[in-house]
Amino acid sequence: MKGLTLILGGARSGKSRKAEELVTALPGPWVYIATAQAFDAEMQDRIRLHQGGRADGWVTVEEPLDLVAALSRANATGRPVLVDCLTLWLTNIILAGREVEGETARLLDLLPGLTVPVALVGNEVGLGIVPDNRLSRLFRDHAGRLHQDIARIADKVLFMAAGLPMQLK
Ligand SMILES: Nc1nc2c(ncn2[C@@H]2O[C@H](COP(=O)(O)OP(=O)(O)OP(=O)(O)O)[C@@H](O)[C@H]2O)c(=O)[nH]1
């Protein structure tokens, strides 16, 4: 893996595992930027499982909001980076009342200048029926636009389904 890789897929499509596989194929240590926040016991369990299953050599950074700052700091270490995931970051931005366009523009400005290999994971949330509430529709549109914008500048884009990668770019 070199440059910027975007890995999309539905829930439990194997996207996180694929991203870890790509990053750990490079010499470690590696930086894992987690954007998830544990709001309930179920999420706490999920996170604990992820942490327990991660190989030695990962340095975990938990950053729900300031992804640009976390990526800049990780870039300065010279270590390959995995961001899991863009979708929760976007959710956190919206829930925090931050301006989505401004935050995503800052991310899109930063990405092309990064010098370390970066894998970004995102949930493909646009394949189901149209959500019946406005916030969910807005969220789906923001996520779709963000994925398009990142895909445009990415070196490689994968779509995961049933644990298998489809190479889109
Ligand atoms: N805060 C925090 N979150 C973590 C950590 N490790 C993993 N996560 C989060 O766990 C989430 C991914 O877990 P799952 O929900 O099991 O993955 P999924 O998207 O359903 O499934 P896959 O498509 O198989 O990846 C990501 O959003 C990560 O941010 C950690 O150490 N700290």
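Residues numbered from 1 in each chain as written. Predicted model: local features only at pLDDT ≥ 70, side-chain atom pairs only at ≥ 80, totals over all residues. Heavy atoms only, no water.

Going by what an unreviewed UniProt entry lists, the protein is known as Bifunctional adenosylcobalamin biosynthesis protein and is assigned to Niveispirillum lacus. UniProt lists a comment for the protein under the heading Function (unreviewed entry), and it reads "Catalyzes ATP-dependent phosphorylation of adenosylcobinamide and addition of GMP to adenosylcobinamide phosphate." If you open the UniProt record of the protein and go to Sequence similarities (unreviewed entry), you find "Belongs to the CobU/CobP family." (UniProt positions renumbered as here; feature names shortened; annotations may be inferred.)

Engineer: Honestly, the environment of Arg137 in this entry has me stumped. Any pointers?
Structural biologist: Summarising the element assignment, Arg137 is placed in helix 6 (residues 134-153). What makes Arg137 partly exposed here is its relative accessible area of 31%. Taking the C-alpha atoms as reference points, Arg137 and Thr5, 132 residues apart in sequence, are found 26 Å from one another. Filtering out sequence-adjacent residues up to four positions away, Arg137 remains in contact with Val130, Pro131 and Asp132. (Helix = DSSP H or I, 4+ residues; strand = E, 2+ residues; numbered from the N terminus. Buried < 20%, exposed > 50% of the residue type's maximum accessible area, 1.4 Å probe, protein only. Contact = heavy atoms within 4.5 Å.)

Engineer: Looking at this structure, how should I read the packing of aromatic side chains?
Structural biologist: The geometry of two aromatic rings is summed up by the distance between their centres and the angle between their planes. Applying the stated criterion to the full structure yields two aromatic pairs. Between the aromatic rings of Trp30 and Trp58, the centroid separation amounts to 5.3 Å while the plane-to-plane angle is 50°, which identifies the pairing as tilted. Here Trp30 is found in strand 2 (residues 30-34), whereas its partner Trp58 is found in strand 3 (residues 58-62), with 28 residues between them in sequence. The pair formed by Trp30 and Trp58 is uniform in burial state, with each residue classed as buried. One aromatic cluster in this structure is built from Trp30, Tyr32 and Trp58. Seen from the ring of Tyr32, Arg54 lies directly overhead, with NZ or CZ sitting 3.8 Å from the centre. (Phe/Tyr/Trp six-rings, centres within 6.5 Å; stacked < 30°, edge-to-face > 60°. Lys NZ or Arg CZ within 6 Å of the ring centre and 35° of its normal.)

Engineer: Can you help me understand the packing of helix 3 (residues 67-77) against helix 5 (residues 100-110) in this one?
Structural biologist: Packed helices, taken two at a time, are described by their axes: the angle between them and the distance between them. Where helix 3 meets helix 5, the axes come as close as 9 Å, and the angle between the chain directions of the two elements is 15°. Taken together, the axes of helix 3 and helix 5 are roughly parallel relative to one another. Along this stretch, helix 3 crosses helix 5, giving a crossing that reads as left-handed. Where helix 3 abuts helix 5, its residues Leu67, Val68, Leu71 and Ser72 lie against Arg106, Leu107 and Leu110. Along the lines of polarity and charge, the residues of the contact of helix 3 with helix 5 split into five nonpolar, one polar and one charged. (Axes fitted to C-alpha atoms, helices over the stretch in contact; angles between N-to-C directions. Parallel < 35°, antiparallel > 145°, perpendicular 65-115°, else oblique. Left-handed = near helix turned anticlockwise from the far one by under 90°. Nonpolar A, V, L, I, M, F, W, Y, C, P; charged D, E, K, R; others polar.)

Engineer: Would you take a moment to explain the layout of surface pockets for this structure?
Structural biologist: Empty space among the atoms can be located by rolling a probe the size of a water molecule over them. In this structure, the largest pocket occupies an estimated 600 Å³ of space. Taken together, 25 residues form the lining of the largest pocket, with Ser16, Met43, Arg46, His50 and Asp84 sitting closest to its centre. For the lining of the largest pocket, the elements supplying multiple residues, two or more each, are helix 1 (15-24), strand 2, helix 2 (41-53), strand 3, helix 4 (86-95) and strand 5 (118-123). By residue number, the principal contributor to the lining of the largest pocket is helix 2, which donates five residues. For the lining of the largest pocket, the class distribution of residues is nine nonpolar, nine polar and seven charged. (1 Å grid on protein atoms, 1.4 Å probe; cavity = no way out; pocket = protein on both sides within 12 Å on 5 of 7 lines; lining within 4 Å. Points joined across faces, edges and corners; volume = space filled by probe spheres on them.)

Engineer: Would you explain the packing of helix 4 against helix 5 in this entry?
Structural biologist: Between helix 4 and helix 5, the least distance of the axes is 10 Å, while the angle of their chain directions is 140°. By the angle class used here, helix 4 and helix 5 are oblique. Considering only the axes of helix 4 and helix 5, their crossing is right-handed. For the pair helix 4 and helix 5, contact is made by Leu86, Trp89, Leu90, Ile93 and Ile94 and by Val100, Glu103, Thr104 and Leu107, respectively. The residue makeup of the contact of helix 4 with helix 5, split by class, is seven nonpolar, one polar and one charged.

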